[in-house]
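# Analysis of the macromolecular model
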Amino acid sequence: MRFDVYGPLVLSLLPAAVGPVIARRVAPALAARVLASAAVVTALATTWSLVLLAAALLGDAPPVIREAREDGHPVMDPVPGAIGLGACLALAVVAVRVYRAVRAERSTRRALRRLCAGQPADTELIVAASEVPQAFAIPGRPGRILVTSAMLSALAPAERRVLLAHERAHLVHRHGALVTAVTLAAAANPLLGPVRTAVAFLVERWADEQAATTVGDRRVTALALARAALTAGRTRAACALGFTDRAVTRRIAALQTSPPPHLWPAAAAVLALAALPALLAADATGDLLGLLSGALG
């Protein structure tokens with residue numbers, strides 16, 4: 001446990017380092033799924049490692065440890081008490097960050113539900129009369145697409161098809177849940193912030209590629225994205241997945257080239273890296289259980 005318990009904390013730097021590379025070189029659908037999975041597994045492993053480190057603060061408090069020492073059995077602290085104290089403080093910070101992230105997610109969902117209030121249950125497309133150009137997907141059951149009249153009037157018919165196909169891709173592939181999962185992972189482990197940024201970008205690229213496939217024209221898709229971005233300007237929704245969010249220039253450039261390949265070996269390597277922190281955390285847990293078993297013996 002003396003070394004394995006620190007491994008997940010150190011290895012959590014790896015997804016943040018490889019995330020931007022994977023986002024550029026691997027097909028968006030595969031890259032988003034892989035990076036989100038890696039982030040969640042890594043966040044769970046690092047949080048559990050902090051729990052194990054915090055156990056050192058208990059010192060003589062657990063009855064089994066106290067009784068073993070009173071009976072003359074030598075039981076060593078698995079980690080120094082100062083590190084245990086630091087782990088307790090880190091866990092408190094993690095709890096606050098995750099709580100705030102969950103609260104923000106709930107607030108967002110309430111705001112989105114208010115936007116859909118009064119609409120028939122089977123209505124997917126909601127057109128709002130507004131001079132503010134907006135378009136975004138609203139996750140839920142059922143999922144909705146909200147588009148303002150200003151955005152629709154700014155686009156040609158073919159470009160409107162692109163916009164709707166893009167937002168529908170967000171709903172069909174549950175991009176909202178994917179982004180939420182990696183957001184909570186980054187809240188639990190701030191080192192995963194770059195992964196959260198990469199996944200948020202990748203789901204937009206994923207929806208772009210789906211839209212290009214649906215309309216059968218990458219050029220029209222890029223043109224629709226450029227026109228919508230120019231129309232929207234700096235105006236954007238505070239929540240949901242919007243058509244003109246996330247590095248529009250990079251997305252337009254990507255649509256002017258061939259779709260990126262599905263590099264399965266690279267994806268498998270990222271998943272393998274994500275498994276390492278979990279394995280080390282499991283090994284550290286086994287060491288701690290062995291320590292307790294020795295005390296009982």
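Residues numbered from 1 in each chain as written. Predicted model: local features only at pLDDT ≥ 70, side-chain atom pairs only at ≥ 80, totals over all residues. Heavy atoms only, no water.

Below, the discussion takes up a nonpolar patch on the surface. There is a patch of nonpolar side chains on the surface, built from V10, L13 and L191 and spanning about 260 Å² of accessible area. Looking at where L191 falls in the secondary structure, it is placed in the loop between α8 (175-188) and α9 (193-215). Accessibility expressed as a relative area gives 38% for L191, which makes it partly exposed. (Patch = residues over 30% accessible without salt bridge, like charges linked within 9 Å, V, L, I, M, F, W, Y side chains within 5 Å. Areas by Shrake-Rupley, 256 points an atom, 1.4 Å probe, with all protein chains shown as cover. Salt bridge = Lys/Arg side-chain N within 4 Å of Asp/Glu carboxyl O. Helix = DSSP H or I, 4+ residues; strand = E, 2+ residues; numbered from the N terminus. Buried < 20%, exposed > 50% of the residue type's maximum accessible area, 1.4 Å probe, protein only.)

Remark: helix α7 (residues 157-172) packs on α9, axes separated minimally by 8 Å, with the N-to-C direction vectors making an angle of 130 degrees. Overall, the two elements α7 and α9 adopt an arrangement that is oblique. α7 and α9 meet at a crossing whose hand is right-handed. On the side of α7, the interface is formed by R161, V162, A165, H166, A169 and H170, while α9 contributes V203, E204, A207, D208, Q210, A211, T214 and V215. Residue composition of the contact of α7 with α9, by class: 7 nonpolar, 4 polar and 3 charged. (Axes fitted to C-alpha atoms, helices over the stretch in contact; angles between N-to-C directions. Parallel < 35°, antiparallel > 145°, perpendicular 65-115°, else oblique. Left-handed = near helix turned anticlockwise from the far one by under 90°. Contact = heavy atoms within 4.5 Å. Nonpolar A, V, L, I, M, F, W, Y, C, P; charged D, E, K, R; others polar.)

Judged by how many residues are buried, strand β3 (residues 144-148) sits mostly within the fold: 5 of 5 residues are covered. Alternating residues of β3 divide into R144, L146 and T148 and I145 and V147, and every residue in both groups is buried. Between strand β2 (residues 135-138) and β3, which pair antiparallel in sequence order, lie 5 residues; one of them, G140, sits at a positive phi of approximately 150 degrees. (Pairing = 2+ DSSP bridges.)

We now examine the pattern of salt bridges. Inspection of the entire model under this criterion finds 7 salt bridges. The shortest N-O distance in the salt bridge between E159 and R227 comes to 2.8 Å. Here E159 is found in helix α7, whereas its partner R227 is found in helix α10 (residues 218-232), with 68 residues between them in sequence. The exposure class assigned to R227 is partly exposed, which follows from its relative accessible area of 33%. Between E209 and R218 there is a salt bridge, and its shortest N-O distance comes to 2.7 Å.

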